[in-house]
Amino acid sequence: MAASVRDPEEAKATPDFPALSELLWQLADDDLLIGFRASEWLGLGVHIEEDIAFASIAQDEMGHAMTYFQLLEALGMGRADDLAQLRPVSERRNSILVEWPNGEGDYAETPHFDWAFTLVRHFLYDQFEIIRLEGLCQSRYAPLAEAAAAILGEKAYHRDHQQLWLDRLLTHGAESRARVERAVAQAAQLAGDLTDLGPWGNQVAEAGWWPGADQAGARWQQAVESFLGRYQLAPPTWSCPGNGRRGDHSPHLDAALAVLSEVYRQDPLAQW
Amino acid sequence: MDRLTFDIYEVFAQTDPLAPHQHQFSLLASSPEMALALAQENFLRRREIYSIWVVRRDAITQSGPAERARFYRRKKGYRTTEDYRYLVEKWRRYKQQPMTPETMV
Amino acid sequence: METEREDPERVEAFLQRIDRGERIEADDWMPADYRRQLIRLIAMHGVSEIMGALPEKEWVPKAPTLYRKLAIMAKVQDEIGHGQLLIRVAEDLLAPLGKTREDLLDDLFSGRLKFHNVFHMPAPTWADAGIIAWLVDGAAIITQGMSLSSSYAPYVRALQRIVEEEGFHIQHGESICMALAEGSPSQRKSLQEALERWWPALMMFFGPRETDQATSHQQANLRYRIRTKTNEELRQRFLTKYVPRIRSLGLVPPDPTLHFDAEKGEWVYQQPDWNWFRQIINNQGPRSQARLTLKHLTYEEGRWARAVLAQA
């Protein structure tokens, strides 16, 4: 593997730079959207104590997004907040799974949010995120490797939290089990692009930006299906109504970005 | 509709290896594992955590109001350094004028 | 509630404990009226934290920068955390009466249990989120600071945790408001408008000035040392602390009569509309029904998950 790259200018000068920036967009956009979706739950949790715990997870994800956008800023791509809030939908690289709404309805008026779907979606994302971060800890781009190690430290709580809940829901009654089964079926039709590496996929692993990227999808599928198998849930067929890694998103992303950037867009040059 | 009843867990936490477990607060949870997961973010968001205990409240035997009144005790200086303050003055004297076999007689 | 006559000597002994400055614990004998007043106050305080999260919650996903998104999430999370602490204290007081958290929340949704008047107000701009965190939390910390000397120990233990976090809340609010005050003309304008919108609610925050006929609740709370200061004392404290700061940011409170009367040693201000206040606390405020509906809807739809948690 090529020697570690620390300096952003040096990274930009490598022929593999497009693969690095593509990877960083995926990382940043994934966490931004999953963090946004989790933040919509704030104040509406199913149990008071849980509302508080899930709020920490939402903050962690948004904080991870901020870290990645700052890495992009250091690479001269623009200001972190502009990158998070002003880029058009076609440039977004998050998976469709994380942009999907928590349920019907607006978060501030009459939200009919689905807690089972929220947990299943986040669980699928955590599983992938952890595999991805484990690889990124060895990234050739040193600032990314350091960020990944710090972020990975917070992910164990997320995964354990989601699993604790799913275990409870799957083993305590037919109604909650049925809700989780429906949520798995729904999420399976959205998560097809989660493990897609995008247009520069091969270079991501070959250039050492993300060692192990080429096996990440298979490892993820195995981890998820082994978890589901513990509860006698059949492995689902993974598909997706588009491909977020290639900028082909659902209309839900437009709506999410409009909310997320509503205030900032009033005056992106102002101090907020 | 049936009323839902939850177990109450008391939460204790240690902030570093040498600190005692200190009571934090209580919460409603479904299992000890869930109580642990919730306790971390409910009561310790801004603190270093080294260890957390959760205990179902009904597993705790607690002294009650009657015991609180009985916890009164007289002052017991002999259990503390308080009764031995005179030693300072004595050591000072012995430093100036050490004991010798002659003075000991 | 206990209907049998309480032994007057026992009640007298209890009041002497209060007068000696002793703290009361959940398992101590207490007069039914003391329990009733505590439940009234602490349950109301608890659900006000839960409902109080909602106006700011509207701004959580919209907060302008990534940093502000993180900070307001943490702030609103704390408010729900305060609700958790207070509602737990109230639950332990309700337990001997055979009531639970569910009963308490049902009382909120049915209107039997009120939430604080300030959280019935609309928060239509980002500047409102700043004013809430700075001035509403600023007012709250004055009340809560007083309540630290309350006679009921579990309440005080909860408040100690709460007050510890309020320092962050106020600075979070100050930081938002200062950025807007230092910002563009339209940012400044939105801040001034938010102040004007919240001013009547802030003047109502502590409740009406006590007259000679203070309500029986107020008298009881003072007697039991559940609270130690009057509404007016708290409001004066708020004005002393915040009016100079508000003015130092170039903001103008919408009350031309507002001034400090050096002779009387107190702030003179325009009385808010107390009839409106009574409407608001009876859930007839501008956002009362919308917020109750939002909370009630999600509470009901989450019941299946709580039922799974509650199972043995």
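The paragraphs below set out a description of the structure included in this document. (Residues numbered from 1 in each chain as written. Chains lettered and ligands numbered in written order. Predicted model: local features only at pLDDT ≥ 70, side-chain atom pairs only at ≥ 80, totals over all residues. Heavy atoms only, no water.)

**Description of the packing of aromatic side chains**
Given two aromatic rings, one states the distance between the centres and the angle between the planes to describe the pair.
All names here are of chain A.
Part 1: Taken as a whole and judged by the stated rule, the model has 22 aromatic pairs over all chains.
Part 2: Plain terms: the ring middles of phenylalanine 128 and tryptophan 210 are 6.2 Å apart, the flat faces sit at 70 degrees to each other, and that makes the pair edge-to-face. Within this pair, whereas phenylalanine 128 is found in helix α6 (residues 115-136), its partner tryptophan 210 is found in the loop between α9 (201-206) and α10 (213-230), the two being separated by 82 residues in sequence. No difference in accessibility class separates phenylalanine 128 from tryptophan 210, as the two residues are buried. (Phe/Tyr/Trp six-rings, centres within 6.5 Å; stacked < 30°, edge-to-face > 60°. Helix = DSSP H or I, 4+ residues; strand = E, 2+ residues; numbered from the N terminus. Buried < 20%, exposed > 50% of the residue type's maximum accessible area, 1.4 Å probe, protein only.)

**Examining a nonpolar patch on the surface**
Part 1: A contiguous nonpolar surface patch, about 940 Å² in accessible area, is contributed by Tyr78, Tyr84, Tyr86, Leu87, Trp91, Tyr94, Met99 and Met104 of chain B.
Part 2: With four residues, the top contributor of residues to the nonpolar patch is helix α3 (residues 86-96) of chain B. (Patch = residues over 30% accessible without salt bridge, like charges linked within 9 Å, V, L, I, M, F, W, Y side chains within 5 Å. Areas by Shrake-Rupley, 256 points an atom, 1.4 Å probe, with all protein chains shown as cover. Salt bridge = Lys/Arg side-chain N within 4 Å of Asp/Glu carboxyl O.)

**Things to note about the packing of helix α11 (residues 288-301) of chain C against helix α12 (residues 303-310) of chain C**
Residues and elements named next belong to chain C.
Part 1: Relative orientation of the contacting elements α11 and α12 amounts to 50 degrees, with a least axis distance of 4 Å. Relative to α12, the element α11 is oriented oblique. Contacts from Tyr299, Glu300 and Glu301 of α11 reach α12 at Arg303, Trp304 and Arg306.
Part 2: Of the residues belonging to the contact of α11 with α12, the class tally is two nonpolar, no polar and four charged. (Axes fitted to C-alpha atoms, helices over the stretch in contact; angles between N-to-C directions. Parallel < 35°, antiparallel > 145°, perpendicular 65-115°, else oblique. Contact = heavy atoms within 4.5 Å. Nonpolar A, V, L, I, M, F, W, Y, C, P; charged D, E, K, R; others polar.)

**Quick word on the interface of chain A and chain C**
When the parts come together, some accessible area is lost, and that loss is often what is quoted as the size of the interface.
Part 1: Counting residues at the interface gives 51 residues for chain A, matched by 45 residues for chain C.
Part 2: When chain A packs against chain C, close to 4400 Å² is buried across both sides, 66% of that on carbon and sulfur atoms.
Part 3: Inspection of the region where chain A meets chain C yields three salt bridges.
Part 4: In this structure, glutamate 262 of chain A and lysine 62 of chain C form a salt bridge, with 3.1 Å as the shortest nitrogen-oxygen distance.
Part 5: Scanning the region where chain A abuts chain C turns up 21 residue pairs in polar contact (both at pLDDT 80 or more). (Buried area = accessible area lost by both parts, 1.4 Å probe. Polar contact = N/O pair within 3.5 Å; in protein donor to acceptor, adjacent residues only side chain to side chain.)

**Structural notes on the interface of chain C and chain B**
Part 1: Across the contact, 26 residues belong to chain C and 25 residues belong to chain B.
Part 2: When chain C packs against chain B, close to 2300 Å² is buried across both sides, 47% of that on carbon and sulfur atoms.
Part 3: The three residues of chain C that bury the most area against chain B are Arg88, Arg161 and Leu309 of chain C, which together make up 26% of that side's buried surface.
Part 4: Counting the contacts that link chain C with chain B gives 11 salt bridges.

**Some remarks on the packing of helix α7 (residues 142-171) of chain A against helix α8 (residues 174-188) of chain A**
The relative placement of two packed helices comes down to the angle between their axes together with the axis-to-axis distance.
Residues and elements named next belong to chain A.
Part 1: Contact pair α7 / α8: the axes reach a minimum separation of 6 Å and the direction vectors enclose 125 degrees. Comparing the axis directions of α7 and α8 gives the class oblique. Where α7 abuts α8, its residues Leu166, Leu169 and Leu170 lie against Ser176, Arg177 and Val180.
Part 2: The residue makeup of the contact of α7 with α8, split by class, is four nonpolar, one polar and one charged.

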